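Examining the three-dimensional arrangement
As a plain string of letters, each chain reads:
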Amino acid sequence: MAADGRRSLDFDPIERARSQWVEAGWADAADGMAAITSLMRAHQIVLARVESSLRPLGLTFARYEVLMLLWFSKRGSLPMKVIGSRLQVHPTSVTNAVDRLEDAGLVTRSTHPEDRRAYLVALTPSGRELVERATKALNAEVFEQPVLSPRDQRTLVDVLTRLRHSAGDF
């Protein structure tokens with residue numbers, strides 16, 4: 001059985017697709033297709049684990065990231081523009097996440113004291129308590145059990161860091 005309760009396959013469908021790519025005459029692209037498809041499938045698997053931990057707390061990963069960013073900030077607050085920049089997401093995504101968090105009483109939004117055109121988002125005591133509970137759950141259920149050896153974890157981070165850097169992510 002697969003981790004999500006589905007019956008697991010007796011072969012690797014991505015490796016099968018790689019072989020079919022080669023047979024179709026696309027050998028130069030076969031390894032790249034397998035790497036990218038594997039990365040995307042791994043993302044689905046990991047995201048499902050993360051969401052399974054956060055769902056009982058009423059959070060999505062996007063909202064959790066906003067709360068955690070505020071939790072780590074010195075004052076427990078940041079301008080919306082900074083949140084978008086640090087999380088590397090579109091301003092609309094930040095607005096949507098902050099709207100939901102504000103509706104839940106986890107953050108407040110106010111006019112920035114030094115720039116009336118900007119908004120400042122602040123963590124509320126309930127937001128602080130929830131993000132601490134969520135982090136405890138994620139650490140126990142996901143981050144401390146990544147199903148990879150410490151060496152593989154470091155290798156994966158190194159490889160993905162190179163990919164992100166070459167794509168201009170930082």
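Shown above is the structure to which this text applies.
Residues numbered from 1 in each chain as written. Predicted model: local features only at pLDDT ≥ 70, side-chain atom pairs only at ≥ 80, totals over all residues. Heavy atoms only, no water.

Observations regarding the overall build of the protein chain
Heads up, the rule is: Put simply, DSSP H or I for four residues or longer makes a helix, DSSP E for two residues or longer makes a strand, and each gets a number counted from the N terminus. To sort residues, take the accessible area from a 1.4 Å probe on protein chains only and compare it with the maximum for the residue type: under 20% means buried, over 50% means exposed, and anything in between is partly exposed.
For the protein chain, the helix and strand inventory stands at seven helices and three strands. Taken from N to C terminus, the helices and strands of the protein chain fall in the order α-α-α-β-α-α-β-β-α-α. Judged by the C-alpha coordinates and their principal axes, the protein chain covers about 65 × 35 × 30 Å. Counting the 170 residues in the protein chain, one finds 26% classified as buried.

Section: the nonpolar core
Short version of the rule: By convention a nonpolar core is built from buried Ala, Val, Leu, Ile, Met, Phe, Trp, Tyr and Cys residues, the set being connected through side-chain atoms within 4.5 Å. A contact between two residues is defined here by any heavy atoms of the two lying within 4.5 Å.
In this structure, Leu59, Tyr64, Val66, Leu67, Leu70 and Ile83 are the most contacted members of the largest nonpolar core, which totals 27 residues. Apart from the residues lying within four places of it in its own chain, the contact partners of Leu67 are Leu59, Leu101, Leu106, Val107, Leu123 and Val131.

Examining a nonpolar patch on the surface
Here is the rule: A patch consists of residues exposed above 30% relative accessible area that lack any salt bridge, with like charges linked at up to 9 Å and nonpolar side chains (Val, Leu, Ile, Met, Phe, Trp, Tyr) linked at up to 5 Å. In short, Shrake-Rupley with a 1.4 Å probe defines the accessible areas, and a residue's cover is counted only from the protein chains shown. By salt bridge we mean one thing: a side-chain nitrogen of Lys or Arg within 4 Å of a carboxyl oxygen of Asp or Glu.
Residues Ile36, Leu39, Met40 and Leu163 make up a contiguous nonpolar surface patch of about 360 Å² in total accessible area. Counting residues per element, the nonpolar patch draws most heavily on helix H2 (residues 27-54), which supplies three residues. By secondary structure assignment, the location of Leu39 is in helix H2.

Re the side chain of His112
Here His112 lies in the loop between strand S2 (107-111) and strand S3 (119-123). Among the residues examined, His112 registers a relative accessible area of 15% and is labelled buried. Contacts of His112, omitting those with residues within four sequence positions, involve Pro79, Ala118, Tyr119 and Leu120.

What about the packing of helix H3 (residues 61-72) against helix H4 (residues 80-87)?
Our working definition: Each axis is a line fitted through C-alpha atoms, taken for helices only over the stretch in contact, and angles between the N-to-C directions span 0 to 180 degrees. An angle counts as roughly parallel when it lies under 35 degrees, as roughly antiparallel when it exceeds 145, as roughly perpendicular when it falls between 65 and 115, and as oblique in every other case. Left-handed describes a crossing whose near helix is turned anticlockwise from the far helix through less than a right angle; right-handed describes the clockwise counterpart. Each residue is assigned to one class: nonpolar for Ala, Val, Leu, Ile, Met, Phe, Trp, Tyr, Cys and Pro, charged for Asp, Glu, Lys and Arg, and polar for all the others, Gly among them.
The N-to-C vectors of H3 and H4 enclose an angle of 110 degrees; their axes lie 11 Å apart at closest approach. When the interaxial angle is binned, H3 and H4 end up roughly perpendicular. Seen along the crossing, H3 lies across H4 with a hand that is right-handed. For the pair formed by H3 and H4, the contact residues are Glu65, Val66, Leu69 and Leu70 on the first element and Ile83, Arg86 and Leu87 on the second. Split into classes, the residues belonging to the contact of H3 with H4 amount to five nonpolar, no polar and two charged.

As for H2
Applied cut-off: Multiply 1.5 Å by the residue count of a helix minus one, and that product is the helix's expected span.
In this model, H2 (28 residues) spans 41 Å end to end at C-alpha, consistent with the 40 Å of a helix rising 1.5 Å per residue. Buried within H2 are the following residues: Ala30, Met33, Ala34, Val50, Ser53 and Leu54. Elements in contact with the buried residues of H2: helix H1 (13-23), H3 and helix H6 (125-143).

Some details on the side chain of Ser53
Threshold: Any N or O atom pair separated by 3.5 Å or less is treated as a polar contact, with the protein-specific requirement of one donor-capable and one acceptor-capable atom, and with residues adjacent in sequence counted only for side-chain atom pairs.
Tracing the chain through its elements places Ser53 in helix H2. You can call Ser53 buried: its relative accessible area is 5%. Separated by 2.5 Å, the side chains of Ser53 and Glu141 make a polar contact. Excluding residues that lie within four positions of it along the chain, Ser53 makes contacts with Ala137, Leu138, Glu141 and Val142.

Here we look at the pattern of salt bridges
Counted under the stated rule, the structure contains seven salt bridges. As a salt-bridge pair, Glu102 and Arg109 come within 2.7 Å of each other at their nearest N and O atoms. The partner of Asp169 in a salt bridge is Arg164, with the nearest N and O atoms 2.9 Å apart. The partly exposed category is assigned to Arg164, whose relative accessible area is 35%. Each of Glu15, Arg18 and Asp31 takes part in salt bridges that share partners, so that together they form one network.

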